Amino acid sequence: MRISPRLQVVYDNLLEGHDVWDVCCDHGFLGGAAYESRRFANIYFVDQVASIINRVKVTFETYVFKTDNPSKAFFFAESGEQIKTIVTGNLCIAGVGAHVINDILCGLAKNEKLAAQRIILGPHRDEEKLEKMLAVNELLSQYKMSAKKEMQENGRNRIFFILDRV
């Protein structure tokens, strides 16, 4: 599965052998690439829009799914902050704004569902606001910013934040 250069940055920073949570998954390309690679445990596709998850599931079952793959795929039509399963491994949220990302992280932390080893964030806008929100968010005190990656996309500088559990 081919992914965009922006999603490639996220993919290249995943912790191998761990779960991958593709939250606000849109077309499911990141999770699909992780599944196809056979380098990750469980792949979780999450989006609050049920029709998006249904479309991702059909596409996945038609073009990506392989019965001999040790990775398992799961599909959740719910908002990221309402995830009912404990989030482990890699939590990836990209392509949405800073406030949405912050709301998801706060919701998971408040509900005691955030146990990811790595969080990879690729805000669509308001990168500086997100960085400030992360710095003062006491709910995320068990995470430390381990890297900040930048790339150019369509003449715009994109920033990615990588947080690791301490």
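Provided above is the structure to which this section pertains.
Residues numbered from 1 in each chain as written. Predicted model: local features only at pLDDT ≥ 70, side-chain atom pairs only at ≥ 80, totals over all residues. Heavy atoms only, no water.

A. A look at the pattern of salt bridges. Tallied over the entire structure, the rule returns 9 salt bridges. Residues Glu-16 and Arg-39 are paired through a salt bridge, measuring 3.0 Å at the closest nitrogen-oxygen approach. With Glu-16 in the loop between α1 (5-12) and β1 (20-23) and Arg-39 in the loop between α2 (29-37) and β2 (42-47), the pair connects residues that are 23 residues apart, well separated along the chain. Note on Arg-39: relative accessible area 34%, which makes it partly exposed. (Salt bridge = Lys/Arg side-chain N within 4 Å of Asp/Glu carboxyl O. Helix = DSSP H or I, 4+ residues; strand = E, 2+ residues; numbered from the N terminus. Buried < 20%, exposed > 50% of the residue type's maximum accessible area, 1.4 Å probe, protein only.)

B. Inspection of the nonpolar core at higher detail. Counting 28 residues, the largest nonpolar core has Val-23, Leu-91, Ile-93, Leu-105, Leu-114, Ile-119 and Leu-121 as the members making the most contacts within it. The set of elements that each furnish at least two residues to this core consists of β1, β2, β4 (90-94), α4 (98-110), β5 (118-122), α5 (127-136) and β7 (156-165). Per-element tally for this core: the top contributor is α4, with 6 residues. Excluding its chain neighbours within four sequence positions, the residues that come into contact with Leu-121 are Ile-93, Ile-101, Leu-105, Leu-130, Leu-134, Ile-159, Phe-160, Phe-161 and Leu-163. Of all hydrophobic cores here, the second largest spans 27 residues; its members include Ile-3, Val-20, Ile-52 and Val-64. (Core = buried A, V, L, I, M, F, W, Y, C linked by side-chain atoms within 4.5 Å. Contact = heavy atoms within 4.5 Å.)

C. Spotlight on the packing of aromatic side chains. In total, this model carries 10 aromatic pairs according to the counting rule given. Measuring from ring centre to ring centre gives 3.8 Å for Trp-21 and Tyr-44, while their planes differ by 5°; the resulting arrangement is stacked. On the criterion of sequence distance, the pair formed by Trp-21 in strand β1 and Tyr-44 in strand β2 is long-range, its members being 23 residues apart. Overall, the relative accessible area of 10% leaves Tyr-44 in the buried class. These aromatic residues form a ring-pair network of at least three members: Tyr-35, Phe-45, Phe-60, Phe-65 and Phe-75. (Phe/Tyr/Trp six-rings, centres within 6.5 Å; stacked < 30°, edge-to-face > 60°.)

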